[in-house]
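Listed below, chain by chain, are the residues.
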Amino acid sequence: MSRAGAGVLGARVVGSSARPPEGRAVVRARRATLRVLPLHLVSVLLVAGCGGSPAPSGQPAPGDATPPVAATPAATPGVTGEMTGIDRLFLSMMAGHTEQTLQIVGLVRDRLTDSELRTLVAAVEATESDELATARGWLAQAGRSARADDHAGHGTGPEQLARLRDAPDTEVDAVLVEVLSAHQQAAADLARAHLAAGTDARVLDLARRVEQSRTAQVALMAGRPG
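What counts, and at which threshold
- Residues numbered from 1 in each chain as written.
- Predicted model: local features only at pLDDT ≥ 70, side-chain atom pairs only at ≥ 80, totals over all residues.
- Heavy atoms only, no water.
- Core = buried A, V, L, I, M, F, W, Y, C linked by side-chain atoms within 4.5 Å.
- Buried < 20%, exposed > 50% of the residue type's maximum accessible area, 1.4 Å probe, protein only.
- Helix = DSSP H or I, 4+ residues; strand = E, 2+ residues; numbered from the N terminus.
- Contact = heavy atoms within 4.5 Å.
- Salt bridge = Lys/Arg side-chain N within 4 Å of Asp/Glu carboxyl O.
- Expected span 1.5 Å × (residues − 1).

Asks: I keep staring at the nonpolar core and nothing clicks. Help me out?
Replies: Core analysis: the largest hydrophobic core is formed by 21 residues, its most contacted members being Met83, Phe90, Leu91, Met94, Trp138 and Val203. If you list the elements that add at least two residues to this core, you get helix 4 (85-108), helix 5 (115-141), helix 8 (172-197) and helix 9 (201-222). Those residues in contact with Met94, other than ones at most four positions away along the chain, are Ala187, Leu190 and Val210. Counting residues in hydrophobic clusters, the runner-up holds 18 residues, among them Ile104, Val108, Leu117 and Val179.

Listed below in structure tokens is the structure:
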């Protein structure tokens, strides 16, 4: 499948990235979202002292001793000057998660028999390769690189990757659906948590697109005939 065709499907799965107006109702909804998310995701995103610059108000966040990263003329406007530790941590975690997504689909790309799964995998590879490049670029501008420890414990375990590698040809489609569904649901949960906690507009837009696309992918895989 061509990259252009995959991009069309990826765009359909991603959906709209328009940012809705915020108000008290949005704030309440975000707080409610935090209460129902997996505790390990919330604790990772909201832990104090995660290496960020002060909040946009100019007041330092509790326990945040890392000085802000100054914007430079070469930096992309609206990214480095506004990005806080929460945003950088999300980008780092999402980069690690996306790297593993590409590893998952790469293990079985050439063994799949279901044409819809092949199309989905092609769209995932095209979309998430672009997202990974974006996350790495923003992290580099903010003076941080993706760190493996940020993603530790939040991805697909080695036993699941082994199941994919060792799955018989007659079962590989079903194993991919099981493993990739859980993996993409975790990405949607992480992005949803960041929508309630992040500050940088461009990182929030990326999180929104990730939440929408991964949720749509999970729904698509759940709707496949068994």
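Asks: When you look at the pattern of salt bridges in this model, what are you seeing that I'm missing?
Replies: Between side chains of opposite charge, pairing is possible as soon as their charged atoms come close. With the rule as written, the count across this model stands at 10 salt bridges. For Glu99, the salt bridge is made with Arg136, and the minimal N-O distance between the two is 2.6 Å. Of the two residues, Glu99 sits in helix 4 while Arg136 sits in helix 5, which places them 37 residues apart along the sequence. The partner of Arg192 in a salt bridge is Glu211, and the shortest N-O contact between them spans 2.8 Å. On the criterion of sequence distance, the pair formed by Arg192 in helix 8 and Glu211 in helix 9 is long-range, its members being 19 residues apart. Judged by relative accessible area, Arg192 falls into the partly exposed class, the value being 22%.

Asks: What should I look at first to understand helix 8 in this one?
Replies: Residues spaced three or four apart along an α-helix face the same direction, because each turn holds 3.6 residues. Its 26 residues give helix 8 an end-to-end C-alpha distance of 37 Å, which sits within 8% of 38 Å, the value for a rise of 1.5 Å per residue. By the criterion of burial, helix 8 is predominantly enclosed, with 20 of the 26 residues buried.

Asks: What should I look at first to understand the environment of Asp166 in this one?
Replies: Here Asp166 is to be found in helix 7 (residues 158-166). Residues Asp166 and Leu107 lie 59 residues apart in sequence; the distance between their C-alpha atoms is 9.9 Å.

Such coordinate-based values are descriptive only and should not be taken to indicate function.
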